[in-house]
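Below, each chain spelled out in residue letters.
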2 protein chains.
Amino acid sequence: MGRPKEFDERAAIGRAMEAFWERGYEGTSTQALCEATGLGRSSIYNTFTSKHELFVRALDHYAERGQRDRAELLESCETGIECFRALFAYTIDDDIQGRRGCLVVNTVAEFGDRDPEISARIDADTRRHVSLLTACAAEGQRDGTIDTAHRPGDIAEFAHSTVTGLRLMSRRGAERAAMEAVAELALTAIAAR
Amino acid sequence: MGRPKEFDERAAIGRAMEAFWERGYEGTSTQALCEATGLGRSSIYNTFTSKHELFVRALDHYAERGQRDRAELLESCETGIECFRALFAYTIDDDIQGRRGCLVVNTVAEFGDRDPEISARIDADTRRHVSLLTACAAEGQRDGTIDTAHRPGDIAEFAHSTVTGLRLMSRRGAERAAMEAVAELALTAIAAR
DNA sequence: CCAGTTTTGCATTGATCAGTCCAAAATAGG
DNA sequence: CCTATTTTGGACTGATCAATGCAAAACTGG
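Residues numbered from 1 in each chain as written. Chains lettered and ligands numbered in written order. Predicted model: local features only at pLDDT ≥ 70, side-chain atom pairs only at ≥ 80, totals over all residues. Heavy atoms only, no water.

Identification of chain A as DNA-binding transcriptional repressor AcrR from Kibdelosporangium persicum is taken from an unreviewed UniProt entry.

(A) The arrangement of helix H6 (residues 103-111) of chain B in detail. The element H6 of chain B is extensively covered by neighbouring structure, given that nine of its nine residues are classed as buried. Along H6 of chain B, the positions that sit buried rather than exposed are Leu103, Val104, Val105, Asn106, Thr107, Val108, Ala109, Glu110 and Phe111 of chain B. Those residues of H6 of chain B that are buried are in contact with helix H6 (103-111) and helix H8 (152-172) of chain A together with helix H1 (9-23), helix H4 (51-75), helix H7 (116-142) and helix H8 (152-172) of chain B. Among the residues trailing H6 of chain B, Gly112 of chain B stands out with phi positive, at a value near 60°. (Buried < 20%, exposed > 50% of the residue type's maximum accessible area, 1.4 Å probe, protein only. Helix = DSSP H or I, 4+ residues; strand = E, 2+ residues; numbered from the N terminus. Contact = heavy atoms within 4.5 Å.)

(B) Quick look at the protein's contact with DNA strand C. Lining the immediate environment of DNA strand C, one finds 24 residues, of which Glu6 and Ser42 of chain A together with Thr30, Arg41 and Lys51 of chain B sit closest. The protein-proximal atoms of DNA strand C, defined as those within 4 Å of the protein, are 65% sugar or phosphate. A distance of 3.4 Å is found between a base oxygen of DNA strand C and a backbone nitrogen or oxygen belonging to Gly2 of chain B. Of all the secondary-structure elements, those providing two or more residues to the surface near DNA strand C are helix H3 (41-48) of chain A together with helix H3 (41-48) of chain B. With four residues, H3 of chain A is the single largest residue contributor to the surface near DNA strand C. (Near = heavy atom within 4 Å. Polar contact = N/O pair within 3.5 Å; in protein donor to acceptor, adjacent residues only side chain to side chain.)

(C) Local environment of the interface of chain B and chain A. Contact with chain B, which involves 40 residues of that partner, is made by 40 residues of chain A. Both sides together, the interface formed by chain B and chain A hides about 3,400 Å², and carbon and sulfur atoms give 64% of it. Taken together, the links from chain B to chain A amount to zero salt bridges. Joining chain B to chain A, the criterion identifies eight residue pairs in polar contact (both at pLDDT 80 or more). Secondary structure elements with two or more residues in the side of chain B that touches chain A: H1, H6, H7, H8 and helix H9 (176-190) of chain B. At 14 residues, H8 of chain B tops the list of elements feeding residues into the side of chain B that touches chain A. Of the residues in the side of chain B that touches chain A, the class split is 17 nonpolar, eleven polar and twelve charged. (Buried area = accessible area lost by both parts, 1.4 Å probe. Salt bridge = Lys/Arg side-chain N within 4 Å of Asp/Glu carboxyl O. Nonpolar A, V, L, I, M, F, W, Y, C, P; charged D, E, K, R; others polar.)

(D) Quick look at the protein's contact with DNA strand D. Contacts to DNA strand D come from 24 residues, most closely from Thr30, Arg41 and Lys51 of chain A together with Glu6 and Ser42 of chain B. Each atom of DNA strand D within 4 Å of the protein belongs either to a base or to sugar and phosphate, the latter forming 64%. Here a base nitrogen of DNA strand D and a side-chain polar atom of Arg3 of chain A are 3.1 Å apart. Arg3 of chain B is positioned such that a nitrogen or oxygen atom in its side chain is 3.1 Å from a base oxygen of DNA strand D. Elements that contribute at least two residues to the surface near DNA strand D include exactly H3 of chain A together with H3 of chain B. Considering every element that reaches the surface near DNA strand D, the biggest residue donor is H3 of chain B, with four residues. In terms of residue class, the surface near DNA strand D is made up of six nonpolar, eleven polar and seven charged.

Given below as structure tokens:
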């Protein structure tokens, strides 16, 4: 009962996510959030309580989206090394479009570990990302495409660090060739030799 | 002539840099800058014109400091690969203390390429950093400690990306062991085999 | 069609934002 | 000691910040 919402909550979070992604938390005013989502202040505060809460929801939305995309991407890879090749290529292709980097990376840079609620999301997302890559590394060591000299978890940390490096290069406006060189070298570090 | 300044301009910029480093540009109010520097508003505006101008000065200060530290660090290395090993070790040791990451990295994440004046500083600093590392890579290929399969410039881009990845790991509060694993794998990527 | 419930638009809140103004204070040159 | 010049502290500016209040609007169950 009661008056029904005139907007789709998920879509609104998506728009808010885009705004935060582009300008950061402090750099995005509630007014800007109203314009980005097309909602009035009342609707935003009635639904999301506060700017901080909306940011957390946007961060969760981003993390879920990323997790889903990565899972889909890696599922289609035949070998372990192909997972990492595809991951780097996807990172470059996806990011070179808008050059907005990664919301998680930007958020880490903006907040550090100052905000416990946000840190918890960052940590959870990082752990999930790294453990997915750990599985890829282990798979690659089984199928002979990835060097067995390093532990799968270390390889995953390394690949994760490389992806964040690429995201930052993109946000900075680095040349595609430079990004591809980084990806190529990262691959040689983990490939079977 | 006129009343003399009661403070050291360089020291004030250093304090402002620390504040921006910790909280970012948008997250650091002019009030916070007064408290960090110990100056009154008048002194700040009389000397630095605007918050933006002070930020640019702080960024320059940070970049110079970094350039000096890196040059000093790399000068003491015997071989090419030692340069990179020392660079990664320094990044981990230096950053693990305060876990504030890197002002340049944080600034890239906050601004992207939205602010031309800031972008120009970022680009210049990145170019200087990468070209220093390019020289290390070339040196390493000459002295036989670095793999010749890749171009020195690509190796430099890769190492630079690794350093930014490490800086972000630190800001996020990653475990030291994970950071060391990343550094170790990056080294195996470029070492002669 | 009415009572109860929720959403919405708009005005408004007090706090804080970056930046300015001004008069007192502190110097140097004459 | 006087004048010109600069710095300094502190009050002040209008704008914008995140968040709230309130009443009209829009629905559902009865």
